[in-house]
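A look at the structure
Chain by chain, the residues:
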Amino acid sequence: MSTILVKHRDDLASKTGMWFFLFTELLLFGGLFIVYSVYRYRNATAFHLAAQELSVFIGTINTIILLVSSTTIAMSITAIRKQNKKFAVVLLGLTIILGLAFLVNKYFEWGEHFKEHIYPGSSILALRGHGDVLFYGLYFFMTGLHALHIIIGLIFILVITISILRNRITSDNYVLLENSGLYWHLVDLIWIFLFPLFYLIT
Amino acid sequence: MKTIENEKNHIIPYKTFLFVLAGLIVLTLTSVTLTRISLGTMTVTIALIIAAIKSTFVLRIFMHLKFENKMFSIAFIGVILLLAAVITITLLDYLNR
């Protein structure tokens, strides 16, 4: 009798766990969107004027960068299932590069604000009034929390890429890749709402 | 090629993802263009409707909900309804103070 070594695995449970985690993320950002709605309602003019100072161009570029990166990571699942390991790794590498590009844009965007002394706790920003302080407070906190998620997502994807190279993730065991994809798509999903609420509604 | 594929074995073709990406980019540009034209109070509504359409694509195709066990979609809708209820109740309070 030969011994068959079977590692116990439950992909459905793994994915369910990931989704439950994503639900808590939705509630976290959802709470912030409520704060945004209420403050916007109470400071309509200040929010309207402050939002015009954000660069729609950089915002649009970053939106497209995230959409493309979501596509590449989704395609990497197809690649791994078709046993095309090399293409999967290339697609994940692209996803990481796009994520980094998003952060670089964010760096320049925030840098511009800082130059104009617009940052949380700035005395010059405080002179502009309560509404502006609230708008930029929410802007920096929400896009900052989102950027933190991008950084975590990039680390997650990097670990997954290494696992693929080491054959720990294969065409019949790819649930971790799917979970990293879910996380990355959630980050994209949140940006889909952050973008119009901060950049477009002016 | 199998005509009826098992849901668990469903592999989304690369092409589908590229089509969805094209759609998402078009929707993004539409949203940017429409909000540039001042539409007054409608702007918020339009921008959020477009964001919701984009989310549906991301959720159903990229996040695979269309092909997963229905349990995931139902749970997701439940969370969204919960959020919607909390937002509505909070705003009702603020609007009627």
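None of the values given here were measured: they were computed from a predicted structure. (Residues numbered from 1 in each chain as written. Chains lettered and ligands numbered in written order. Predicted model: local features only at pLDDT ≥ 70, side-chain atom pairs only at ≥ 80, totals over all residues.)

**A look at the overall build of chain A**
What counts is decided by this rule: Every helix listed is a DSSP run of H or I at least four residues long, and every strand listed is a run of E at least two residues long, numbered separately from the N terminus. Burial is judged by counting the other C-beta atoms within 10 Å of a residue's own C-beta: 20 or more makes it buried, 12 or fewer makes it exposed, and any count in between marks it as partly exposed, with every C-beta position built from the backbone. For every residue pair, C-beta atoms are placed from the backbone, and the pair is scored as a contact if these atoms sit within 7 Å.
A count of helical and extended segments in chain A gives seven helices and zero strands. Listed by position from the N terminus, the elements making up chain A come as α-α-α-α-α-α-α. For chain A, the spread of C-alpha atoms along the three principal axes comes to 80 × 30 × 25 Å. The proportion of buried residues among the 202 residues of chain A is 36%. A separation of at least 24 residues holds for 76% of the contacts in chain A among residues at least 6 apart in sequence.

**Quick word on the interface of chain B and chain A**
Basically, it comes down to this: Think of it as three bins: nonpolar holds Ala, Val, Leu, Ile, Met, Phe, Trp, Tyr, Cys and Pro, charged holds Asp, Glu, Lys and Arg, and polar takes everything else, Gly as well.
Taken residue by residue, the interface counts 32 residues in chain B and 31 residues in chain A. Put simply, the parts of the chain that give the side of chain B that touches chain A at least two residues each are helix H1 (14–36), helix H2 (42–62) and helix H3 (70–95) of chain B. With ten residues, the single largest contributor to the side of chain B that touches chain A is H1(B). Partitioning the side of chain B that touches chain A into residue classes produces 25 nonpolar, six polar and one charged.

**Observations concerning the packing of helix H1 (residues 11–42) of chain A against helix H6 (residues 130–165) of chain A**
All names here are of chain A. Worth spelling out the cut-off: Between N-to-C directions, angles cover 0 to 180 degrees, with each direction set by a line fitted to C-alpha atoms, over the stretch in contact for helices. To sort the angles, those under 35 degrees are grouped as roughly parallel, those over 145 as roughly antiparallel, those from 65 to 115 as roughly perpendicular, and the leftovers as oblique. Each crossing gets its hand from how the near helix is turned against the far one by less than a right angle, where anticlockwise is left-handed and clockwise is right-handed.
Remark: H1 packs on H6, axes separated minimally by 11 Å, with the N-to-C direction vectors making an angle of 165°. On the basis of their axis angle, the class for H1 and H6 is roughly antiparallel. Crossing geometry of H1 relative to H6 is assigned as left-handed. Across from Leu32, Val35, Tyr36 and Tyr39 in H1, the residues of H6 making contact are Leu134, Leu138 and Met142. Along the lines of polarity and charge, the residues of the contact of H1 with H6 split into seven nonpolar, no polar and no charged.

**Examining the confidence of the model for chain B**
Residue and element names in this part refer to chain B. Operational definition: Across the chain, each position has a pLDDT score giving the predictor's confidence in that residue, from 0 to 100.
For chain B, mean pLDDT is 88; residues scoring 70 or higher make up 89% of the total. Considering only residues more than four positions removed or in separate chains, one finds that residues 1–7, a stretch of pLDDT under 50, has two contacts. Our summary of model confidence lists the complex with pTM equal to 0.92 and ipTM equal to 0.91.

**Some points on unusual backbone geometry**
All names here are of chain A. The phi torsion at Gln83 lies on the positive side, around 60°, for a residue other than glycine. Within the fold, Gln83 resides in the loop between helix H3 (56–81) and helix H4 (85–115). With a phi angle near 60°, Asn167 is a residue other than glycine that sits in the positive phi range. Looking at the element boundaries, Asn167 is found in the loop between H6 and helix H7 (175–200). Under the C-beta neighbour-count criterion, Asn167 is labelled exposed, with 9 such atoms within 10 Å.

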